[in-house]
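# Observations on chain architecture
Residue-level listing of the chains:
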Amino acid sequence: MAKKDYYEVLGVARGASADELKKAYRKLAMQHHPDRNHGHTEAEHKFKEINEAYDILRDDQRRAAYDRYGHAAFEQGGMGSAGGFDFGAGFSDIFDEMFGEILGGGRRQQAQGGAQRGTDLRFDMDITLEEAFAGATKNITIQNAVGCSECKGSGAAPGTVPSECAMCKGHGRVRAQQGFFTVEHTCPTCQGVGRVIQSPCKKCGGQGRVHEQKTLAVEIPAGVEDGMRIRLTGEGSAGFRGGHAGDLYVILSIEQHPVFQRDGANLYCRVPIAMTTAALGGTIDVPTIDGEISPVKIDAGTQSGHRACIKRKGMSVLRGASRGDLYAEFAVETPVHLTKRQKELLAEFTAEAEQNKTHPESEGFIARVKELLGKDK
């Protein structure tokens, strides 16, 4: 009996993409799955047929051969005939195709040869704004899994080597026939590793790693911002049985500063000034993040909220030679704890000031209020 065209079996065009093939296969496989069609021989045959078609077409090389030669490409010792199609193995692979994304990649992500990469670690570090500005080197101490010095990470006692698992032949998985299906699961002898350690290392118990405390120096570059992370390659947990170590990620948190607030590369600070200085003008000293003092001129008549920009006195720019700016925001301070005589003098000054119209902002506000109230009447 002549075989059906594989594209016809899956119901797709010959130019169908890999995603279209997978989508068509999944729909048909669920429709004709034997568990949904108990006792239906035709459904079993159809299910095997669509598995065979998808197994050929999902492989680029075999699909190219099929497109050129048809079914003849897999006969007479070709790239793999239908008669040599392992339905159990094929279904196991296709099960991964259908559900591997949900289960985290299925058996394709099982470790091969026993070695497994170590896990990545996180360390939260608090730094000051000054350290973020200038950069720093800080030491951290962590409890971590490191490679066993006795067995060099192999897990086997010195002078011995792990042997291939006799049950799974080094694959880490075994198959068992359960009625119509061939079910594949993790090898119970080697726990999916594929190797068996006959003489485990006494120091690490066959794990290839031990837990130790170690101190690391972390280089913090100038200009880092809150929430940035520094990656220390290979400083995470050691791999299992000789696998590569993971990485350590240091997450930076910049402490709140008592004087400065940061916005990107710029800094802001609130500077109180005396009422007389604001009225008459003068010069005040403003601190900077690098520990210096910068003199700033106060113009006569300066109001609260006015800002002065001090160029290139802000934060360092990460991986750059420039700096941001520092903005000093003035807050005119009202005097407190006045003596009786001071209050009298201030009252006299205020009375004269009102006659000379020395408060343009408040006078303008009062004028607007009067205009508003006049409109409402």
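Look up a bit, the structure's there.
Description of the structure in this document. What you are looking at is a predicted structure, and each value in this text was computed from that prediction instead of being measured.

### Some thoughts on the overall build of the protein chain
Scanning the protein chain from N- to C-terminus turns up 9 helices and 15 strands. Here the protein chain holds 377 residues, and 37% of them are scored as buried. Within the protein chain, contacts between residues at least 6 apart in sequence are counted, and of these 63% link residues at least 24 apart.

### What about a nonpolar patch on the surface?
A surface patch of nonpolar side chains, about 260 Å² in accessible area, is lined by Met 275, Leu 346 and Phe 349. You can see Leu 346 is positioned in helix α8 (residues 340-355). Relative accessible area serves as the criterion here: at 31%, Leu 346 is assigned to the partly exposed category.

### Concerning the sheet that holds strand β11 (residues 266-274)
Reading across the sheet, the 4 strands line up as β10-β11-β15-β14 and stay open at both edges, with mixed pairing between neighbours. Each of the sheet's edge strands pairs with one partner strand only, and the pair in question is β10 (260-263) and β14 (307-310). Mean inter-strand twist for the sheet, computed between neighbouring axes without regard to direction, equals 30 degrees. Where β14 lies against strand β15 (residues 326-333), 4 bridges are found, and the strand directions are antiparallel. In the strand pairing of β15, Ala 308 is matched with Ala 328.

### Re the pattern of salt bridges
Under the definition given, this model contains 17 salt bridges. For the salt bridge of Asp 124 with Arg 122, the shortest nitrogen-to-oxygen distance reads 2.8 Å. Each member of the pair Asp 124 and Arg 122 is classed as exposed. Notably, a salt bridge pairs Lys 313 with Glu 292, separated by 2.8 Å at the nearest N-O pair.

### Observations regarding helix α2 (residues 18-32)
With 15 residues, α2 extends 21 Å between its outermost C-alpha atoms, agreeing within 8% with the 21 Å of an ideal straight helix rising 1.5 Å per residue. Looking only at α2, the buried set comprises Leu 21, Ala 24, Tyr 25, Leu 28, Ala 29 and His 32. All buried residues of α2 lie within an arc of 130 degrees about the axis, which places them on one face of the element. Structural note: α2 exposes Asp 19, Lys 23 and Lys 27 on the side pointing more than 90 degrees away from its buried face.

### Points about the packing of aromatic side chains
As enumerated under the stated definition, the model contains 4 aromatic pairs in all. Between Tyr 7 and Tyr 66, the ring centres sit 6.1 Å apart and the planes meet at 45 degrees, which makes this aromatic pair tilted. Placement of the pair is Tyr 7 in helix α1 (residues 6-10) and Tyr 66 in helix α4 (residues 60-69), with a sequence separation of 59 residues. Here the two residues Tyr 7 and Tyr 66 agree in accessibility, since each one is buried. With a centroid separation of 4.6 Å and 10 degrees between ring planes, the pair formed by Tyr 25 and Tyr 54 is classed as stacked. One end of the pair, Tyr 25, is in helix α2; the other, Tyr 54, is in helix α3 (residues 41-57), and 29 residues separate them in sequence. Owing to a relative accessible area of 0%, Tyr 25 belongs among the buried residues under this scheme.

Thresholds applied
- Residues numbered from 1 in each chain as written.
- Predicted model: local features only at pLDDT ≥ 70, side-chain atom pairs only at ≥ 80, totals over all residues.
- Heavy atoms only, no water.
- Helix = DSSP H or I, 4+ residues; strand = E, 2+ residues; numbered from the N terminus.
- Buried < 20%, exposed > 50% of the residue type's maximum accessible area, 1.4 Å probe, protein only.
- Contact = heavy atoms within 4.5 Å.
- Patch = residues over 30% accessible without salt bridge, like charges linked within 9 Å, V, L, I, M, F, W, Y side chains within 5 Å.
- Areas by Shrake-Rupley, 256 points an atom, 1.4 Å probe, with all protein chains shown as cover.
- Salt bridge = Lys/Arg side-chain N within 4 Å of Asp/Glu carboxyl O.
- Pairing = 2+ DSSP bridges.
- Axes fitted to C-alpha atoms, helices over the stretch in contact; angles between N-to-C directions.
- Expected span 1.5 Å × (residues − 1).
- Arc of directions from axis to C-beta.
- Phe/Tyr/Trp six-rings, centres within 6.5 Å; stacked < 30°, edge-to-face > 60°.

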